[in-house]
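Coordinate analysis (summary)
Listed below, chain by chain, are the residues.
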Amino acid sequence: MTDSEQTIEKHLTHIHSLLKAGQFIEAMETYFHDDVIIQEGNETPKEGKQLTLDVENDLIDNKLEEFIGYEVGNYAVRGNFSFYDAVMTLKMKDGSTFVSEQVVKTEWKDGKIFRERYYHM
């Protein structure tokens, strides 16, 4: 494993600990590149750190009732890319429970998440 891959793995381990604790905003503020591009499935990508933070804060403030859990399965790092699978469970204010099974593909640049795409199962 190269030094760069070891750094990405270290960052990824920290990100997973933040996500498991429900600290999504802290993870984003710490690890998102200013020019980050995030894409959920086949939706239109969101571009820029501030926009992605605004969207996440809106979800937390207006739709989320309770964070239930975030479980990470396997992960891999190769070059400037990382991949992992996860299951996120949230209770929404409308009374529904949202469960997202996903595979996350991340491109890293300058030690930050530059592009990230979530493939939902």
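Small disclaimer: the values here were computed from a predicted structure and weren't measured.

**Focus on the environment of isoleucine 68**
In this fold, isoleucine 68 is placed in strand E3 (residues 64-78). Isoleucine 68 gets classed as partly exposed once you look at its relative accessible area, which sits at 45%. Put simply, isoleucine 68 and asparagine 57 are eleven residues apart on the chain and 17 Å apart in space, counted from C-alpha to C-alpha. Leave out the neighbours within four places in its chain, and isoleucine 68 touches Thr89, Leu90, Lys91 and Thr97.

**Some details on the packing of aromatic side chains**
In total, this model carries two aromatic pairs according to the counting rule given. Considering the side-chain rings of phenylalanine 24 and phenylalanine 67, the 5.5 Å spacing of their centres and the 75° angle between planes classify their relative orientation as edge-to-face. Of the two residues, phenylalanine 24 sits in helix H2 (residues 24-31) while phenylalanine 67 sits in strand E3, which places them 43 residues apart along the sequence. Relative to tyrosine 70, the ring of phenylalanine 24 has its centre 6.1 Å away and its plane inclined at 75°; by these criteria the two rings are edge-to-face. Taken together, the positions of phenylalanine 24 in helix H2 and tyrosine 70 in strand E3 put the pair 46 residues apart, joining distant regions of the chain. The buried category is assigned to tyrosine 70, whose relative accessible area is 2%. These aromatic residues form a ring-pair network of at least three members: Phe24, Phe67 and Tyr70.

What counts, and at which threshold
- Residues numbered from 1 in each chain as written.
- Predicted model: local features only at pLDDT ≥ 70, side-chain atom pairs only at ≥ 80, totals over all residues.
- Heavy atoms only, no water.
- Helix = DSSP H or I, 4+ residues; strand = E, 2+ residues; numbered from the N terminus.
- Buried < 20%, exposed > 50% of the residue type's maximum accessible area, 1.4 Å probe, protein only.
- Contact = heavy atoms within 4.5 Å.
- Phe/Tyr/Trp six-rings, centres within 6.5 Å; stacked < 30°, edge-to-face > 60°.

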